[in-house]
Amino acid sequence: MHTTNNDHAHWDLLITDANIATMDPAIDAPYGALEHAAIAVKDGKIAWLGSQADLPQFDVLATPTVSAKGQWLTPGLIDCHTHLVFAGSRAEEFEQRLQGVSYEQIAANGGGIASTVRATREADHETLFVAAKERLNALYGEGVTTVEIKSGYGLDCENEIKLLEVARLLGENHPVDVKTTFLGAHALPPEYKGRSDEYIELVCGEMLEQVVAGNLADAVDAFCENVGFSNEQTRRVFEAAKKHNLPVKLHAEQLSNQHGAALVAEFNGLSADHIEHLDEAGIKAMASAGTTAVLLPGAFYFLRETKYPPIELLQQYHVPIAISTDFNPGTSPLCSLHLMMNMACTIFRMTPEQALAGVTRNAAGALGLSDRGVLKVGARADIAHWQISHPAQLSYQFGVNKLLNLWILGRLS
């Protein structure tokens, strides 16, 4: 639980008088909770935590100390599936659908994802950066310290690279740690209509090679669906990613069962996301591979879906469940991880503890990150300080921001 040190400890930060939801499963308590506790930071990592009564001697004069005043600390939140970088809006389409216009009619008139691709291709780096930074700021203001950002709205070499460059630039100029994912196989661009195999060849070849050459992606994703790309086409993308030693993840089983979850598990993938139509065979494969299930309640809500992801079966097979915003202009224009936690509880019937695990330790697993998502010695000192009396409040209430302080790598943000 804590380090031992007979000498005076030399720390960069000490937070005292805290209740800590560590989210560490090694601590046998709900939320991995430690009450009347303290936590110390050195060189951006947690150096000590435990009962305040057990604090070792430390240099009182040299150690910056903050009192949590009996409030709660949690790991910094992690949004593990977003499409933050894009241009344009689909609000008019939203209105049209509510007036009875079908998605097929909207698409035939140049709407749908094609409209986002068109606007994104026309936008320059600065325009995309400014818009995405506003979205990132919204998440940051809710205690989010790590965000994954996918490409997928360029759908040609030049513009997919542009999106990933903007995402990398965001990470370099923002306190939030940004992880990037190449999603060239998101949709078929208009110029490749009827030639999906040729487009996949472009994704696996020239596009991916440029992404790798620029060190622009931490992972590779695809949309395996009857309105996206086939299981075999997705396999080609994964094989290309494997050649470049890039981990894979997948938009899987959202609208139908294309056995994408079993495929991503076959490649030891990080996560299968959406998964409303996931079957038991896919769950078994994910469990064996250690693949995380990422639930996206915002898209479920916005699309008014009725088929629920198989949460009880996932839990039965001990598959870790993460929760994310899926923030995007078409199916989840909802830039709030706290709202997703609330939806996970109210719509998917998860517990507040499961929801918090879904945006901390399990979200870290969905990104292949073992250095965050829990508060324990050696982990990144990404720490959120909340004005709450119990961790369940983070899922219970939406619209009232209870964040008091946020430290990223031990630095107050």
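Every value quoted in this text rests on a predicted model; they were computed, and no experiment measured them. (Residues numbered from 1 in each chain as written. Predicted model: local features only at pLDDT ≥ 70, side-chain atom pairs only at ≥ 80, totals over all residues. Heavy atoms only, no water.)

Peer 1: So what's going on with the packing of aromatic side chains? Which residues, and what values?
Peer 2: As enumerated under the stated definition, the model contains 11 aromatic pairs in all. Between tryptophan 11 and phenylalanine 58, the aromatic rings sit 5.7 Å apart at their centres with planes inclined by 25°, giving stacked as the arrangement. Of this pair, tryptophan 11 sits in the segment before strand E1 (13–21) while phenylalanine 58 is found in the loop between strand E3 (45–51) and strand E4 (65–67), placing the two residues 47 residues apart along the sequence. With respect to burial, tryptophan 11 and phenylalanine 58 carry one shared label: buried. Aromatic pair phenylalanine 300 and tyrosine 308: ring centres 5.0 Å apart, planes at 40°, arrangement tilted. On the basis of relative accessibility, which here comes to 4%, the residue phenylalanine 300 falls in the buried class. Residue tyrosine 308 is classed as partly exposed on the basis of its relative accessible area of 46%. Feature note: the residues Trp11, Trp48 and Phe58 constitute an aromatic cluster, connected by ring pairs. (Phe/Tyr/Trp six-rings, centres within 6.5 Å; stacked < 30°, edge-to-face > 60°. Helix = DSSP H or I, 4+ residues; strand = E, 2+ residues; numbered from the N terminus. Buried < 20%, exposed > 50% of the residue type's maximum accessible area, 1.4 Å probe, protein only.)

Peer 1: Kindly report on the UniProt feature "binding site: N-formimidoyl-L-glutamate" (unreviewed entry) in the protein chain, identifying the contributing residues and their values.
Peer 2: Taking the UniProt record as the reference, the feature "binding site: N-formimidoyl-L-glutamate" (unreviewed entry) is found at Tyr153, Asn328 and Gly330. Sequence-wise these annotated residues cover 178 residues; spatially they are packed, their C-alpha atoms never more than 11.3 Å apart. Mapped onto the elements, asparagine 328 comes out in the loop between strand E13 (321–323) and helix H12 (337–346). Residue classification places asparagine 328 among the buried positions, given a relative accessible area of 4%. Once you skip the residues sitting within four places of it in the chain, asparagine 328 turns out to touch His83, Phe86, Tyr153 and Pro333. (UniProt positions renumbered as here; feature names shortened; annotations may be inferred. Contact = heavy atoms within 4.5 Å.)

Peer 1: Could you give an account of the side chain of lysine 249, with specific residues and numbers?
Peer 2: Note that lysine 249 resides in strand E10 (residues 249–252). Reaching out from lysine 249, the side chain makes a polar contact with the side chain of serine 271 at a distance of 3.1 Å. A polar contact is formed between the side chain of lysine 249 and the backbone oxygen of alanine 366, at a distance of 3.1 Å. (Polar contact = N/O pair within 3.5 Å; in protein donor to acceptor, adjacent residues only side chain to side chain.)

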